[in-house]
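Chain by chain, the residues:
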Amino acid sequence: MSSLTYKKILLKYSGEAVAGTADQGIDPKVLHFMSQEIKSASEKGVSIGVVIGGGNLFRGQDLHQDGIDRVAGDHMGMLATVMNGIALRDALERNGVKTRVMSAIPMPGIVEHFDRRLAIQLLEAGFVVIFTAGTGNPFFTTDTAACLRAIEINADLMLKATKVDGVYSDDPVKNPSAELYDSLSFDEAITKNLKVMDTTALTLARDNSMKIKVFNFEKQGGLLDIVEGKSIGTVISNG
């Protein structure tokens, strides 16, 4: 524990990350890799909460543009995050990691209802706790849910897992000369409209001084390197 820079983290995965190279669905190989990365940090004594999106299974915002009611679409998206959470729990448990799934929407017999005090107790007992169903309310993204849960569990750091090395000045896939930022203030991330996460999420983190690190989750050992204090990815903070 003495070598750890961050002892309690909230890790945010997108639903698209779970799909791997496919556009949709769940890739078991990706889940296994995620579970190995989480296990390596958990075994060092890091308390880990996880928020996972649902875009690999359902995107309510896209269907809203085609006429479906926004609230209905968001509720369906929340259910997709629960499915991903159950899948990740299975992968973690098969790797010997004690795991609980909590949902902001009550689902007795499937997953536990979110309870902040219980979540903190489970984290202190060495469980990985997966938070699903977003905030339980429409119109809020899973990025906002991740910031909220990070604040609620008193995390030292929120980690946003992406497929690139951090926050760039432009899309690095489309623009190879895009600049990779080592650090940013919340206000810079908002005013430059860097598409790191939505403004609501960034504002919530800023107002509660919740430091965020954006990193490439596909690099083996990256999660452990971060909790041990190595300089990886982009830090967004109040400075």
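Residues numbered from 1 in each chain as written. Predicted model: local features only at pLDDT ≥ 70, side-chain atom pairs only at ≥ 80, totals over all residues. Heavy atoms only, no water.

**Q** Could you clarify how one ought to interpret empty space enclosed by the protein in this entry?
**A** By rolling a water-sized probe across the atoms, one finds the places where empty space is left. Tallying each qualifying case throughout the model produces one cavity of 30 Å³ or more. Taken as a whole, the largest cavity encloses approximately 40 Å³ of empty space. Taken together, Leu11, Tyr13, Phe33, Glu37, Phe215, Phe217 and Leu223 make up the lining of the largest cavity. Grouping the constituent residues of the lining of the largest cavity by class yields six nonpolar, no polar and one charged. (1 Å grid on protein atoms, 1.4 Å probe; cavity = no way out; pocket = protein on both sides within 12 Å on 5 of 7 lines; lining within 4 Å. Points joined across faces, edges and corners; volume = space filled by probe spheres on them. Nonpolar A, V, L, I, M, F, W, Y, C, P; charged D, E, K, R; others polar.)

**Q** Is there a simple way to explain the pairing of strand S3 (residues 99–103) in this structure?
**A** Each regular strand shows side chains that alternate between the opposite faces of the sheet. Summarising burial for S3: four of the five residues are buried, a large majority. Two strands pair when backbone bridges link them, and S3 and strand S5 (residues 128–132) are joined in this way by five bridges, in the parallel orientation. When the bridges of S5 are listed, Thr99 appears paired with Val128. In this structure, S3 lies alongside strand S4 (residues 112–113), joined through two bridges in parallel fashion. Its bridge partner lying in S4, Met102 is registered against Glu112. (Buried < 20%, exposed > 50% of the residue type's maximum accessible area, 1.4 Å probe, protein only. Helix = DSSP H or I, 4+ residues; strand = E, 2+ residues; numbered from the N terminus. Pairing = 2+ DSSP bridges.)

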